[in-house]
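The lines below spell out each chain.
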Amino acid sequence: KTLTLVARIKAKTGQTRSREALAALGTLTRQETGGCHYDLHVATDQPGHFCFPENRTSRQHLDDQPGASAYLAPLAARADELFAGPPAITMWARIA
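Since the structure is predicted, the reported quantities are computational estimates derived from the model, not experimental observations.

Caption draft 1: Just the overall build of the chain, in detail. In terms of helices and strands, the chain carries four helices and five strands. When the elements of the chain are put in sequence order from the N terminus, they spell out β-α-β-β-β-α-α-α-β. Taking contacts inside the chain between residues at least 6 apart in sequence as the whole, the part at least 24 apart equals 70%.

What follows is the structure, encoded as structure tokens:
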């Protein structure tokens, strides 16, 4: 059963490097086992607002990614510089 993680985050006003940092995260996420896709979206009516759905083949594939913390750490270290706050993350299960 596919699990979809949806994360939304807002860049700090005037911050132009947030988009590149999130795009780089997608490149690494796509290489993980059980990762179906990671697509970065930007709001058309709210510049600097990003959303990225990430599909996984199971919850276990999401939980069992030992390499994830290695590439998330540099982004987390820059979070205060890049983003207005923490991401809002929700989990979704496909029903139809």
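Caption draft 2: A look at the side chain of Gln 15. Relative to the helices and strands, Gln 15 is located in the loop between β1 (3–10) and α1 (18–30). Polar side-chain contacts of Gln 15 include one of 3.1 Å to the backbone oxygen of Glu 81. In this view, Gln 15 contacts Glu 81 and Leu 82; residues no more than four positions away in its chain are not counted.

Caption draft 3: Representation of the environment of Gln 46. In this structure, Gln 46 sits in the loop between β3 (41–42) and β4 (49–56). The spatial distance from the C-alpha of Gln 46 to the C-alpha of Lys 10 is 9.3 Å, given a sequence separation of 36 residues.

Caption draft 4: A look at the environment of Lys 1. Its place among the elements puts Lys 1 in the segment before β1. In sequence terms Lys 1 and Arg 94 are 93 residues apart; their C-alpha atoms lie 7.6 Å from each other. Setting aside its immediate chain neighbours within four residues, Lys 1 contacts Arg 56, Thr 57, Ser 58, Ala 93 and Arg 94.

Here is what the cut-offs are and how they apply
Residues numbered from 1 in each chain as written. Predicted model: local features only at pLDDT ≥ 70, side-chain atom pairs only at ≥ 80, totals over all residues. Heavy atoms only, no water. Helix = DSSP H or I, 4+ residues; strand = E, 2+ residues; numbered from the N terminus. Contact = heavy atoms within 4.5 Å. Polar contact = N/O pair within 3.5 Å; in protein donor to acceptor, adjacent residues only side chain to side chain.

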